[in-house]
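Structural overview
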Amino acid sequence: MACMKLGSKTDAFQRQGQAWFCTTGLPSDIVVEVEEMSFHLHKFPLLSRSGVMERMIAEASEDEEGCIIKLSDVPGGAKTFELVAKFCYGVKLELTAANVVQLGCAAKHLEMIEEHGEGNLISQTEVFLNQVVLRNWKDTLKALQSCEDVLPYAEELQFPKKLIESLAAKACTDPNLFGWPVMEHGGPMQSPGGSVLWNGISTGARPKSSSLDWWYEDASTLSLPLYKRLISAMESRGLKQEIIAGSMNVYAKKYIPGLNRRQGSSESSSRLAPVSSGISLSEEDQKLLIEEIDHLLPIQKGLIPTKFLFGLLRTAKILRANPSCLSTLEKRIGMQLDQATLEDLLMPNFSYSMETLYDVDCVQRILDHFLVMDQVVGSASPGSVDDAQLMESPSLTPITMVAKLIDGYLAEVAPDVNVKLPKFQSLAAAVPEYARPLDDGLYRAIDIYLKSHPWLAETDREQLCRLMDCQKLSLEACTHAAQNERLPLRIIVQVLFFEQLQLRTSIAGCLMVSDNLDGSRQLRSGLIGQNDGGWTTAVRENQVLKVGMDNMRMRVSELEKECSNMRQEIEKLGQVKGSSTWGNVSKKFGFRLKSQMCSAQEGSVSKQNNRSVQSEKSKDQHRGKHKKNLSSEE
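Structural notes, computed from the coordinates. (Residues numbered from 1 in each chain as written. Predicted model: local features only at pLDDT ≥ 70, side-chain atom pairs only at ≥ 80, totals over all residues. Heavy atoms only, no water.)

Things to note about the overall build of the protein chain
In terms of helices and strands, the protein chain carries 27 helices and nine strands. Burial analysis of the protein chain (634 residues in total) assigns 44% to the buried set. In the protein chain, the share of contacts with a sequence separation of at least 24, taken over all contacts with a separation of at least 6, comes to 70%. With the model as given, the accessible surface of the protein chain reaches about 34,700 Å², and the carbon-plus-sulfur share is 53%. (Helix = DSSP H or I, 4+ residues; strand = E, 2+ residues; numbered from the N terminus. Buried < 20%, exposed > 50% of the residue type's maximum accessible area, 1.4 Å probe, protein only. Contact = heavy atoms within 4.5 Å. Areas by Shrake-Rupley, 256 points an atom, 1.4 Å probe, with all protein chains shown as cover.)

This is the structure we're talking about:
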């Protein structure tokens, strides 16, 4: 730590209880009372250095007990006046970064200017501050911290402004460009050229490069008002917003314990993760700090970790922060909801009503903010998006990730019996249809909700199941849904129909692949007759395809049996007379259309076969006639 010693005499002051005595051999002729401390001194050393003391001594009336002066507003109190008194007596005084501001304020207050003695205390503190303290990061920081005790006096002398500007200039400069004098805080002493010094001798070794976040921990030791002024000075100098956001992250975690409770493993291993500082703020101070941090944070996507924002929101809800702060945090999270995890969304409900276990309404608002921002940035419209674009377009990746995230959240809140159907439906329906390539996640959430709410009416079940598109269920989900007794009968019929449609489409595709393989094998055998290895591979592929086709045919037959059984059950219900019930169902769900399509396909195949047979017969007849003509000519 930089320091400067003033004066040459030995320490001639002694303390006895709440009093200081100057042991110079002469009896004291003045008593100066500062706070609860009494200083038994002599008039001449004081009035020769201080204009204030000169006037007060002249105005004081002497009585039998001597001259008594009360100083109730000395900056720094009795501790600082002790140093001032020693300076007046010429006792060795050590100026440091921790006391230079308070001594400067006290010297200004007591008018210790050059007119009352050359090299007075004001000039001494100014020289030390400008030539020693401001050149060193650690000393500048320590001097700024000392301004807290004498802030009104320090502001008059503009000490905080000078110190903050010095810190901002150092923080905005890349420390890798030079190692002097910024880098002294984190390693060995370096020369102006950047090489490491050992006993003042350059070793030629280069210091380790420093990252741009080297000042985070030091800045977090400042009080909130000074920290805000430091951040403002850095912003005015053009420091990157992501660096400022990182500093606020460290600052908030240091003073708000709730932000570290759900800290991930990656964050806890970071060197910037603050240790227990021993500083405990009241709940009211923590709430004010969160509100101030919310105002300071830059509004830009991706600069602030989403987990940190969720921690702020969760803690703000616990501490009952003002509604505007909560709303701003929700909007910040909504801007980058695609970067959140399911654990982040599972925020407990801290409202007085405690209707649900998790705060579903908050997630609904966050999702709404995300959808608004997604429309602002010009995402593709649902009508112009197909499945291929959905899987390939980078612009749709965030909305797809959010859709998967919301489906997972719905599955987590579905077991809560207090989650009402309208609230569950509203959250599920808020996600656009084009954002879900598959509806398997939504089906899982609906199934869990139906299982946890068995008292729902049939109409409510059908209304809930209409949220999912049966055509966007995978084959595995269709198989599960076809056997799910919790689903309404109408939905099961739709699932069976689309599952059968998928299987038939798969079989048709396999047949086309098989035909192409057969043609390629014949061509391959004609070109490469002696290549046994290729033939063996082709035979093996053909066998695998045949096994897959057989399994599909068996599945189709099982589905047809299930459809037949369901038709019989529907007829037994007796809701509609005769066999018109199944006809209506088939009409409604497209079975008749499918059967017509199948029959049309079969008809087209049979027509093609008949045409080929007729063409062969005509060719044979033509050959026979040609032979007869040749025999007659002979």
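What follows picks up the thread again.
Here's the deal with the packing of aromatic side chains
Using the criterion set out here, one finds six aromatic pairs in the structure. Taken together, Tyr227, Tyr251 and Tyr255 form an aromatic cluster joined through their ring pairs. (Phe/Tyr/Trp six-rings, centres within 6.5 Å; stacked < 30°, edge-to-face > 60°.)

Notes on the environment of Gln102
Take Gln102: it is sitting in helix H4 (residues 100-109). Separated by 48 residues in the primary sequence, Gln102 and Val150 have C-alpha atoms spaced 6.6 Å apart. Filtering out sequence-adjacent residues up to four positions away, Gln102 remains in contact with Pro75, Gly76, Thr80, Ser146, Asp149 and Val150. At 3.4 Å, the side chain of Gln102 forms a polar contact with the side chain of Thr80. (Polar contact = N/O pair within 3.5 Å; in protein donor to acceptor, adjacent residues only side chain to side chain.)

Overview of unusual backbone geometry
Despite not being glycine, Glu111 shows a phi value in the positive range, around 55°. Inspection of the secondary structure assignment puts Glu111 in the loop between H4 and helix H5 (121-131). Accessibility expressed as a relative area gives 30% for Glu111, which makes it partly exposed. At Gln158, a position not held by glycine, the phi torsion is positive, near 60°. Assessed through its relative accessible area of 43%, Gln158 is described here as partly exposed.

What about the packing of helix H3 (residues 77-88) against H4?
Between two packed helices, what matters for the description is the angle formed by their axes and the separation of those axes. Running from N to C, H3 and H4 cross one another at 70°; their axes reach a closest spacing of 10 Å. With respect to each other, H3 and H4 are oriented roughly perpendicular. In contact with Thr80, Leu83 and Val84 of H3, H4 contributes Gln102, Leu103 and Ala106. The residue makeup of the contact of H3 with H4, split by class, is four nonpolar, two polar and no charged. (Axes fitted to C-alpha atoms, helices over the stretch in contact; angles between N-to-C directions. Parallel < 35°, antiparallel > 145°, perpendicular 65-115°, else oblique. Nonpolar A, V, L, I, M, F, W, Y, C, P; charged D, E, K, R; others polar.)

Notes on the environment of Lys92
Checked against the element boundaries, Lys92 lands in the loop between H3 and strand E7 (93-96). A sequence separation of 80 residues divides Lys92 from Ala12, and the C-alpha atoms of the two residues are 9.9 Å apart.

Section: helix H22 (residues 458-465)
Within the sequence span of H22, burial applies to Arg461, Glu462, Leu464 and Cys465. Buried positions in H22, seen along its axis, are confined to an arc of 160° and lie on one side of it. (Arc of directions from axis to C-beta.)

Some words on the sheet that holds strand E2 (residues 13-16)
Read across the open sheet, the five strands follow the order E2-E3-E5-E4-E6; overall the sheet is mixed. Looking along the sheet, the strands with just one partner apiece sit at the ends: E2 and strand E6 (67-71). With strand direction ignored, the average angle separating the axes of adjacent strands in the sheet is 20°. Bridge analysis of E2 against strand E3 (residues 19-22) gives four bridges, and the strand direction is antiparallel. (Pairing = 2+ DSSP bridges.)

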